[in-house]
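Okay, here's what each chain looks like letter by letter:
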Amino acid sequence: MGSFPRVDQIVDDSAANRIVPASEPAVLAPVRSGDAPNELWEWLRLLNRRKALIVGCGLVAVALMALIIAQATPMYKALARLLLDTRTSKVVTTEAALSGVDPMNMGAIQSELEVIQSDFLIGRVVDKLGLANNPDFNGTKPPGFIDSAFAPLRELWSTGISTLLAPAPKPQQQAQPARSSRAAEESDPRRRAAIGAVAGHLSVTLMGRTYVILITVESPDGAMSARIANAIAEAYLADQIDTKNEANRRATEWLEQRLAELRRNLQVAEEAAAAYRRDKGLAGSPEGAVSTQTLSELNGKYVAARTKRIEREARLVALSKASLNPGEIANIAEVSGNTTLAALRIQDVELTRKMAELSSMLGDNHPKMIQARNELAAVRSRFLSETQRITLAVRAELDAAKAEEDELKEMVDKAAVVSGTASQYEAEQKQLEREAQSNRTLYESFLTRFKELREQQDIQRADARILAYAYPSGAPSSPNYKSGLMAAFLIGCLLGMAGAVAAEKLDRVFRSAAQVEEATGVGVLGMVPEVKGSAANRSNVVGHVLENTTAPAAEAIRAVFTAISLGSLDRPPRVVAVTSATPSEGKTTFVASLGGLLTKMNASRRVLIVDLDLRQARMSAALGMKDRSGTIDDYLMGLKTLEECTKRHEGSGVDYILARPNTPNAPEILESHAMKAALATFSERYDLVILDGPPVMAVSDGRIISRLADYTVFIVQWAKTPREVVKTAVNALLGVTNHVGIVINRVNLAKHARYGYGDHGDYYSRYRGYYGTGTEATASPSARPPLTLAKR
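The residue numbering used here restarts from 1 in each chain and proceeds along that chain's sequence as written. Residue-level local features of this predicted model are given only where pLDDT is at least 70; pairs of side-chain atoms are given and counted only at 80 or more, and the full residue set underlies all totals for whole chains, interfaces and linings. Values reported for side chains reflect all heavy atoms of the structure, with hydrogen atoms and water molecules removed beforehand.

Asker: Sorry, what's going on with the packing of aromatic side chains here?
Answerer: Each pair of aromatic rings is reported with the distance of its centres and the angle of its planes. Only Phe, Tyr and Trp rings are paired, with Trp represented by its six-membered ring, and only when their centres lie within 6.5 Å; those with planes under 30 degrees apart are stacked, over 60 edge-to-face, the remainder tilted. Per the stated rule, a full pass over the model turns up two aromatic pairs. Pairing W254 with F446 gives two aromatic rings, centres 5.7 Å apart and planes at 50 degrees, and the pair type is tilted. Pair noted here: W254 is in helix α10 (residues 222-280) and F446 is in helix α14 (residues 367-455), with a separation of 192 residues, a long-range link. A relative accessible area of 10% places F446 in the buried class. A positively charged side chain is recorded as over a ring if its NZ (Lys) or CZ (Arg) lies within 6 Å of the ring centre. The angle to the ring normal must also be within 35 degrees. Cation over ring: R511 sits above W718, and NZ or CZ is 5.6 Å from the ring centre. The way it works is that DSSP assigns letters per residue, a run of H or I at least four long becomes a helix, a run of E at least two long becomes a strand, and they are numbered from the N terminus. Under the scheme applied here, a residue whose accessible area is under 20% of the maximum for its type counts as buried, over 50% as exposed, and between as partly exposed, the area being computed with a 1.4 Å probe on protein chains only.

Asker: How should I be thinking about the pattern of salt bridges in this particular structure?
Answerer: A side chain of one charge can pair with a side chain of the opposite charge if their charged atoms are brought near each other. Between Lys or Arg on one side and Asp or Glu on the other, a salt bridge is scored when a side-chain nitrogen of the former is within 4 Å of a carboxyl oxygen of the latter. Applying the stated rule across the entire model yields 26 salt bridges. Two residues, D239 and R124, come together in a salt bridge whose shortest N-O distance is 3.6 Å. In this pair, D239 sits in helix α10 while R124 sits in helix α5 (residues 119-129), placing the two residues 115 residues apart along the sequence. Given the relative accessible area of 14%, D239 is considered buried. With a closest N to O distance of 3.0 Å, R685 and E643 form a salt bridge. Taken together, the positions of R685 in helix α24 (residues 673-685) and E643 in helix α22 (residues 642-645) put the pair 42 residues apart, joining distant regions of the chain. What makes R685 partly exposed here is its relative accessible area of 39%. Look at E643 and you get exposed, because its relative accessible area is 53%.

Asker: Would you mind going over the state of the cysteines with me for this structure?
Answerer: Joining two cysteines, a disulfide is a covalent bond between their sulfur atoms. The disulfide criterion used throughout: a pair of cysteine sulfur atoms within 2.5 Å. The final tally for this structure, using the stated rule, is zero disulfides. Left without a disulfide partner, C57 is nearest to the cysteine sulfur of C493, which lies 8.1 Å away. Look at C57 and you get partly exposed, because its relative accessible area is 27%.

As structure tokens, then:
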């Protein structure tokens, strides 16, 4: 038999029949051109096609949340406000004893918030209000239905999973023995449970950027919530006062001890200063003070004379260096301020410029040049003489300064000898007096603070005040039905979205022609829509297609045959085999519909359907025939003639040969010479022979039939056949023939439209109004006159 190129891509013939044949013997699918898919649209389509899952998860979450809310105990909130006093007045300046809260220090404010939430403060409130005996707080209240249902999960978490995830506990140090009353309170489980219950429903926050502290308490009783909030605020103020009193008491005790020590130190220091003054005879003697004052004055004069002498020496050295370099002499103060020297410098500059001008025009021996040189030498001689005069004056001042310095140094040495002994005694005495004075000052300061502490011990005030007391709430704060159900719906929808994404990622079936071509490398001939409703049965589907020849399903089947025929116009295939990967993919129905539709639309075309599924033989059911006499195996074995085995379908006029179910030795029959001879006979008598083969993955018969046919149509059921199965089956067919085309069958147009693939199925779903409803096929012949060809 002749070979025919495989058709890789076809657009529905009702829109634009365009076939792209593949080169022999390649089997790769064509590269689909076009822009990259819009990722946003892909996500929106995903959400649209999985909206049932998403909304379902949301509704389930709403139902669960409604059940939880119905079983939950209503909670009531109460709010008390505290104001940190920014005008806090300290009783004394001993910050370590009575320091208040610094409102400018955010760390200090956060520490106060932690104090309010501490177990110690909450324990005082529990004891004050007797919450340890309240079933709502001490843990003795029976749990509700929801709590009982989740109790095993919580127990599993606390005993198993959390123990594995939690870090190893640190070794605890042995605690010091406490007082019996405190130990009894801490060992009371009801008290500990009440403290935990209050702490778990207590919120302490700052209101914005203010110094207002919000104390929010939630409990099943609105009045109890207000009492707890007010008790916590009052306990915090009382705790501040108690803390200050305790600090005051400790500071007073420490000051008493320190004052006794300072008193002893002061007495010892004063007695040592008095004894030294008495022993050295310094009491009332002004000699030491006079000697010290005189020595100080002489030292000042000596330093001034020495500074004057150094300044004169520096001026003299500068003049001496400038005499060697006349260019720097102008920087000296004595020279720059002298009018005579300034005039001489001007004359020097003018004569130098004049000589430069004459030298460019006259020779060195010219009278004018000689005169200019003489004038310049005279000016410089006068300048040098004036400079020497200034130098002599500075030298005279230097000599006078040296003499004054030597005289003052001699006087300082004499005064130092005179006051040396008295100054030593006086210094030691002043040291003792300073020590005594320091002890006295420190003692008086501590004494003053001690008196202030004693006087202000009973008038302590807190660093905060209650701005507003809490009042019972009339409406429960939780559960919030609207927000709870809305949040549950949103969370459920988010989980549904996650499930939709997971379902898409785990989807292992084909939903578009592009997916099939990319996975198999074989072109898709077309996509046949699914027939729904009362015509969904096997025989009814064929009848529906034959009656509604302009419906999308009929158009899609004709488009498949058009693709096969146009794939090789010079030599169209005469024998076409139809198979699939697995059973129940609609290949038999497709064969019956294709053969009947081709015969009905063109009465001159002779089409024969041969059922070669020798194991199931369901063609009779597809055509609605009960008579199975005269099967293909009877003809091959010579038991009956071709005319006896061939039957005609009344609705379409197509001829068909049925098969016998469970025919033994099916592979041997299909590979026999009689089978090949029979196909040759069929091809001579009919324009098209359609072979209905068994599934490729089930038995080997499908590959044998594909080798006997000119072209093989491989049926893939939309959104059902696994991808791996399809790829395996297609590879098996490509091992025996290169002429393979794929048809995606039973496409759900409504669901397929949600994907927006832009292939055959998308065309049928978008433009289904273009096709007829099939009423023309069922109308009476008299309703419409027959068509006749025009004559020339």
